[in-house]
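Structural features, examined
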Amino acid sequence: MFLSFFRSVGIITSGILCLIVIILCFCLFKAIVLRNKTIRILPKNDINKEIRFSYGQKLLELVKIITESNDTEESYHEFREKLKEYYPLIHKNFRKERIDGNAVFTYDKKIEAAPNILYATHIDSKKNLEDPYITYKHLYGSGTYDAKSLLFVIFEAVENILREDGELKNNLTIVMTRDDEDSKQGEDKIINKFLKEGRFYDLIIEEGSGIMDPISSGLRSHYAFIGIGVTGEVTFRFKTSKAGKGMARLQNFASEINNTQLFKSKIDKQTRTTIRAIAKDMTFANRFIYSNSLVFRSLIKRFIDNDQVELSRVLKTQIKQKEISENEKDYYIDMTFELANHDTVADVLCALDKLMIKYSIDYDMLSSKEGTRITGIKDNAYKTVSRIVEETYKDVYIAPCIITSISENRDYDKISDNVIRFSPLYYSHNAKINRKTINEYVSLNSLGKGVIFFEKLTREYIKR
């Protein structure tokens, strides 16, 4: 009897060990086979120097015109007049609409059966502490990082096509808003207008993700991360009475939120796709783990928290706190929760419920935005954009990604099933660090690449 029992245990143990060996062999096989065969690093100056410098000088004149979100109409009028001077063919072939200081350019020739596409950008800038200036490699000045540079390469590309081809082969709309990082009122009004008019688009390109430096992404190669969706966010105002040591209670509440693991990391289907893509560029040891996310899920979540900051924000809800303030009755603090893909507003409140009871905290919801529809990576829109990125930048690898950011617009998916949040402008690690300082800049070579990207995309996106 005992021999039979031990024999059964031995068979079961042997079976388990065999299964473990098979799984490890499969993981090992994937790590060996699924890898990038070469390291891809972007050349810094592969655009003709005369072309890139001419782009820089042209953009410099636009950057010199300060266009703050709350600026006077006079500065925006000056900016629009400069656009008329630079881009006469766009102004001749596009119908222009003004919506509260924002502008919508629509191609005047409606082409039946051709796709409707939209490029969206904004042109706000900050007051310059120093005058903008240009070197042979970079253009420095407010608005060069994410605003006027993107608008410039879009307009430059479309003007080139009209000059060389005489026409477009799709129904293009260009949206130019004066929104800043914290406000999307211009885009909201434009989108509502499009909804009333029944204007829907086969593809929308707006700002979002971009090309990442290896030094900032933790990889060996440059990667183009193409944004296919944005997670939700919610902002609460937590408040408590000044009576009964209200300040101390609110401070302890905020501190405990910071120091407690309230939200769990989770690798869902969308993030697993991104992880598989970046795993190919890692060293063998990391590739062995990252390319087998179902087996090493816990390890990957821990590694991502430490090394992949952008990706970790999608896996786990992030919290941004403001300073404690007060009014006549209460002390209060505003907190924004950038939701992970798997969390909802209700999940946030459930996670905080015990703490709010513990410290006698009440709350108001100041704003709430749902996550967007996810653009399918097998759809024509994503496939075309990723192909154009690869043709333009040859020396990058490509990965789809979900974006989490309080400044991203989430309403474009009301008018399109295919919203790609991607800027073809490459910014170095230092440029990303300096974007909030007086040293904001864009590389001239990147401007050339951006023009090529939008020329190719506009010419080739001609089928629904």
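A few points on the structure. Here the structure is a predicted model, which is why all the values come from computation and not from measurement.

Quick word on the overall build of the protein chain
Along the protein chain, the regular secondary structure elements total 16 helices and 17 strands. Across the protein chain, contacts joining residues at least 24 apart in sequence account for 80% of those joining residues at least 6 apart.

With respect to the packing of aromatic side chains
Summed over all chains, the structure comprises 20 aromatic pairs. Aromatic side chains F453 and F454 sit 5.0 Å apart centroid to centroid with 85° between the ring planes, which places their arrangement in the edge-to-face category. F454 shares its class with F453; the two are buried. Ring pairing ties together the aromatic residues F236, F238, F253, F263, F337 and Y363, which thus form one cluster. Here the basic side chain of K242 rests over the ring of Y331, its NZ or CZ set 5.6 Å away from the ring centre. One cation-aromatic arrangement involves K449 over Y393; the distance from NZ or CZ to the ring centre is 5.5 Å.

As for the environment of D413
Checked against the element boundaries, D413 lands in the loop between β15 (397–403) and β16 (419–422). When its relative accessible area of 13% is taken as the criterion, D413 is described as buried. Through-space distance from the C-alpha of D413 to that of R373 is 6.4 Å; in sequence the pair is 40 residues apart. Leave out the neighbours within four places in its chain, and D413 touches T372, R373 and V419.

A closer look at the side chain of T375
For T375, the location among the structural elements is in the loop between β14 (362–369) and α14 (380–393). Reaching out from T375, the side chain makes a polar contact with the backbone oxygen of V419 at a distance of 3.1 Å. With near-sequence residues (within four places) excluded, T375 lies in contact with I228, D417, N418, V419 and I420.

Structural notes on a nonpolar patch on the surface
Side chains of L28, F29, I32, V33, L34 and F284 sit close together on the surface and give an oily, nonpolar patch of about 540 Å² of accessible area. The leading source of residues in the nonpolar patch is helix α1 (residues 2–33), at four residues. Relative to the assigned elements, V33 resides in helix α1. Residue class for V33 comes out partly exposed when judged on its relative accessible area of 44%.

Focus on the nonpolar core
Within the largest apolar cluster, 64 residues are counted, with the highest numbers of intra-cluster contacts made by F94, L203, V385, L447, F454 and L457. Filtering out sequence-adjacent residues up to four positions away, L457 remains in contact with Y119, L203, I205, T384, V385 and I388. By size, the runner-up hydrophobic cluster in this structure holds 23 residues, among which are A279, I289, F296 and A399.

Focus: the packing of α14 against helix α16 (residues 444–460)
The contact between α14 and α16 brings their axes to 9 Å, and the two run at 140°. The orientation of α14 relative to α16 falls into the category oblique. Like other packed secondary-structure pairs, α14 and α16 cross with a definite hand, here right-handed. On α16, the residues touching T384, V385, R387, I388, V389, E391, T392 and Y393 of α14 are S446, K449, G450, I452, F453, K456, L457 and E460. Across the contact of α14 with α16, the residue classes break down as seven nonpolar, four polar and five charged.

Brief notes about unusual backbone geometry
Positive phi, normally seen in glycine, also occurs at A113, with a value near 70°. With respect to the element layout, A113 can be found in the loop between β2 (102–107) and β3 (116–122). You can call A113 exposed: its relative accessible area is 62%. At S360, a residue that is not glycine, the phi angle is positive and equals roughly 55°. Mapped onto the fold, S360 is located in the loop between α13 (345–358) and β14.

Side note on the pattern of salt bridges
Counted under the stated rule, the structure contains 25 salt bridges. Between K449 and D46 there is a salt bridge, and its shortest N-O distance comes to 2.8 Å. Of this pair, K449 sits in helix α16 while D46 is found in the loop between α1 and α2 (49–63), placing the two residues 403 residues apart along the sequence. Of the charged contacts in the structure, one is a salt bridge between E61 and K64, with a shortest N-O distance of 3.4 Å. Under the relative-accessibility criterion, K64 is labelled partly exposed at 44%. Linked by salt bridges that have partners in common, E97, K193, E197 and R199 make up one network.

Some thoughts on helix α9 (residues 269–279)
Taking burial as the measure, the 11 residues of α9 include eight buried ones, the bulk of the element. Burial in α9 covers these residues: T271, R272, T273, T274, I275, A277, I278 and A279.

Reading guide: rules and limits
- Residues numbered from 1 in each chain as written.
- Predicted model: local features only at pLDDT ≥ 70, side-chain atom pairs only at ≥ 80, totals over all residues.
- Heavy atoms only, no water.
- Helix = DSSP H or I, 4+ residues; strand = E, 2+ residues; numbered from the N terminus.
- Contact = heavy atoms within 4.5 Å.
- Phe/Tyr/Trp six-rings, centres within 6.5 Å; stacked < 30°, edge-to-face > 60°.
- Buried < 20%, exposed > 50% of the residue type's maximum accessible area, 1.4 Å probe, protein only.
- Lys NZ or Arg CZ within 6 Å of the ring centre and 35° of its normal.
- Polar contact = N/O pair within 3.5 Å; in protein donor to acceptor, adjacent residues only side chain to side chain.
- Patch = residues over 30% accessible without salt bridge, like charges linked within 9 Å, V, L, I, M, F, W, Y side chains within 5 Å.
- Areas by Shrake-Rupley, 256 points an atom, 1.4 Å probe, with all protein chains shown as cover.
- Salt bridge = Lys/Arg side-chain N within 4 Å of Asp/Glu carboxyl O.
- Core = buried A, V, L, I, M, F, W, Y, C linked by side-chain atoms within 4.5 Å.
- Axes fitted to C-alpha atoms, helices over the stretch in contact; angles between N-to-C directions.
- Parallel < 35°, antiparallel > 145°, perpendicular 65-115°, else oblique.
- Left-handed = near helix turned anticlockwise from the far one by under 90°.
- Nonpolar A, V, L, I, M, F, W, Y, C, P; charged D, E, K, R; others polar.

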